[in-house]
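Okay, here's what each chain looks like letter by letter:
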Amino acid sequence: VPPPSVPAMLSLDFLDDVRRMNKRQLYYQVLNFGMIVSSALMIWKGLMVVTGSESPIVVVLSGSMEPAFHRGDLLFLTNRIEDPIRVGEIVVFRIEGREIPIVHRVLKIHEKQNGDIKFLTKGDNNAVDDRGLYKRGQHWLEKKDVVGRARGFVPYIGIVTILMNDYPKFKYAVLFLLGLFVLVHRE
Amino acid sequence: LRKNVEDFTGPRERSDLGFVTFDITADILNGKNGLRTIFDWNVKQLFLYLSAEYSTKNNALNQVVLWDKILLRGDNPRLFLKDMKSKYFFFDDGNGLKGNRNVTLTLSWNVVPNAGILPLVTGSGHVSVPFPDTYETTKSY
């Protein structure tokens with residue numbers, strides 16, 4: 001009798017492991033999984049508190065800041081109220097009523113004595129400023145539109161999020177594999 | 001780091017529009033190492049910008065970027081630019097440029113690393129540009 005092929009052997013082992021786990025072990029693994037998810041959420045919330053931003057890490061979605069940032073780069077933001085907005089800074093902002101945040105550079109600011117500030121932005125790679133992108137009748141951005149200021153970045157890593165967004169099947173595959181790994185991992 | 005400028009202003013509807021021409025002589029170095037060039041292994045590019053900063057009756061602080069340039073790794077960090085015109089319209093929010101003696105031009109840059117922190121550095125040396133009390137009416141630009 002020829003020996004079973006290697007992939008068949010691996011899948012048999014895997015099924016045996018699952019069958020061998022009694023109910024207690026399964027519950028334990030599920031709790032483990034829950035703990036990992038909770039810890040991840042806590043770290044994320046902690047980042048939100050420390051940076052003051054509702055979205056402390058964002059992925060660059062367009063090429064409007066090339067050659068500095070490309071689609072898929074990851075940006076680390078802070079949004080501390082004490083930090084004044086000044087020209088040259090890279091801000092991530094949302095236009096009222098739109099979900100997608102935009103990453104561009106501050107081109108002009110006009111700040112009043114009491115701290116009220118209005119400012120204009122422009123993408124490094126765009127020929128014109130962002131007035132055309134703002135809401136109808138809106139000429140300036142204000143502090144409330146800002147999600148955060150870019151303080152640091154890491155290239156390429158965000159491509160995974162873009163892929164997961166554009167190809168939902170890929171997202172489900174990744175989540176499924178992660179879930180499987182955690183449930184079956186013996187620790 | 002030195003700049004020389006001339007200037008005129010023109011009124012546009014309700015807001016002052018300033019025109020500035022300038023020269024830039026600059027040598028961008030890594031602050032920590034004195035003579036060493038700023039383009040080390042982790043510097044991908046420099047985003048340079050010339051900004052004008054001033055105060056008006058309407059606004060306590062105004063900053064306007066007049067000109068910018070991207071310097072990629074490999075480009076010369078020494079600049080000798082003459083008779084440059086501003087890239088962007090220098091509009092004030094109101095009429096605060098007329099007669100404003102205290103408009104300061106500074107050269108700054110954003111260091112974009114291959115990965116890591118994005119610092120903003122201001123160059124040493126800045127120039128004050130006083131705007132005249134009257135508007136120029138016939139100036140082709």
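Residues numbered from 1 in each chain as written. Chains lettered and ligands numbered in written order. Predicted model: local features only at pLDDT ≥ 70, side-chain atom pairs only at ≥ 80, totals over all residues. Heavy atoms only, no water.

**Here's the deal with the packing of aromatic side chains**
Link 1 in the chain: For the coordinates displayed, the defined rule picks out 5 aromatic pairs over all chains.
Link 2 in the chain: Centre to centre, the rings of Phe93(A) and Tyr134(A) are 6.3 Å apart; their planes meet at 85 degrees, and the pair counts as edge-to-face. Within this pair, whereas Phe93(A) is found in strand S3 (residues 90–93), its partner Tyr134(A) is found in the loop between strand S5 (117–122) and strand S6 (141–142), the two being separated by 41 residues in sequence. Judged on exposure class, the residue Phe93(A) and its partner Tyr134(A) are both buried.
Link 3 in the chain: With a centroid separation of 6.3 Å and an interplanar angle of 40 degrees, the aromatic rings of Phe47(B) and Tyr49(B) are classed as tilted.
Link 4 in the chain: Look at Phe47(B) and you get buried, because its relative accessible area is 4%. (Phe/Tyr/Trp six-rings, centres within 6.5 Å; stacked < 30°, edge-to-face > 60°. Helix = DSSP H or I, 4+ residues; strand = E, 2+ residues; numbered from the N terminus. Buried < 20%, exposed > 50% of the residue type's maximum accessible area, 1.4 Å probe, protein only.)

**Overview of the UniProt feature "domain: Peptidase S24/S26A/S26B/S26C" (unreviewed entry) in chain A**
Link 1 in the chain: Feature annotation in UniProt assigns "domain: Peptidase S24/S26A/S26B/S26C" (unreviewed entry) to the following positions: residues 44–134 of chain A.
Link 2 in the chain: For the annotated span residues 44–134 of chain A, helix accounts for 9% and strand for 31% of the residues, and the straight-line distance between the end C-alpha atoms is 30 Å. (UniProt positions renumbered as here; feature names shortened; annotations may be inferred.)

**What about the side chain of Lys122(A)?**
Link 1 in the chain: Tracing the chain through its elements places Lys122(A) in strand S5.
Link 2 in the chain: In this structure Lys122(A) is buried but unpaired, with Asp68(B) as the nearest side chain of opposite charge at 4.7 Å.
Link 3 in the chain: A distance of 3.2 Å separates a polar atom in the side chain of Lys122(A) from a polar atom in the side chain of Tyr88(B).
Link 4 in the chain: If we skip the residues at most four places from it in the chain, Lys122(A) touches His104(A), Arg105(A), Leu107(A), Ala127(A), Val128(A), Asp129(A), Asp130(A) and Tyr88(B). (Lys, Arg positive; Asp, Glu negative; His and termini not counted. Salt bridge = Lys/Arg side-chain N within 4 Å of Asp/Glu carboxyl O. Polar contact = N/O pair within 3.5 Å; in protein donor to acceptor, adjacent residues only side chain to side chain. Contact = heavy atoms within 4.5 Å.)

**Things to note about the interface of chain A and chain B**
Link 1 in the chain: Of the residues lining the interface, 28 residues belong to chain A; the matching set on chain B comes to 29 residues.
Link 2 in the chain: For the chain A and chain B pair, buried surface summed over both sides reaches about 2,200 Å², with 57% attributable to carbon and sulfur atoms.
Link 3 in the chain: Between Lys118(A) and Asp93(B) there is a salt bridge whose closest N-O contact spans 2.9 Å.
Link 4 in the chain: Our count for the chain A to chain B interface comes out at 17 residue pairs in polar contact (both at pLDDT 80 or more).
Link 5 in the chain: It is strand S4 (residues 102–111) of chain A that contributes the most residues to the side of chain A that touches chain B, 7 residues altogether. (Buried area = accessible area lost by both parts, 1.4 Å probe.)

**Remarks on empty space enclosed by the protein**
All names here are of chain A.
Link 1 in the chain: Within this structure, the stated rule accounts for 1 cavity of 30 Å³ or more.
Link 2 in the chain: Size it by volume and the largest cavity reaches roughly 80 Å³.
Link 3 in the chain: Of the residues forming the lining of the largest cavity, the biggest block, 3 residues, is contributed by S4.
Link 4 in the chain: Considered class by class, the residues forming the lining of the largest cavity number 6 nonpolar, 2 polar and 4 charged. (1 Å grid on protein atoms, 1.4 Å probe; cavity = no way out; pocket = protein on both sides within 12 Å on 5 of 7 lines; lining within 4 Å. Points joined across faces, edges and corners; volume = space filled by probe spheres on them. Nonpolar A, V, L, I, M, F, W, Y, C, P; charged D, E, K, R; others polar.)

**What to know about unusual backbone geometry**
Link 1 in the chain: The linkage connecting Glu66(A) with the following residue, Pro67(A), adopts the cis geometry, with an omega of -5 degrees.
Link 2 in the chain: In this structure, Pro67(A) sits in the loop between strand S1 (57–59) and strand S2 (74–78).

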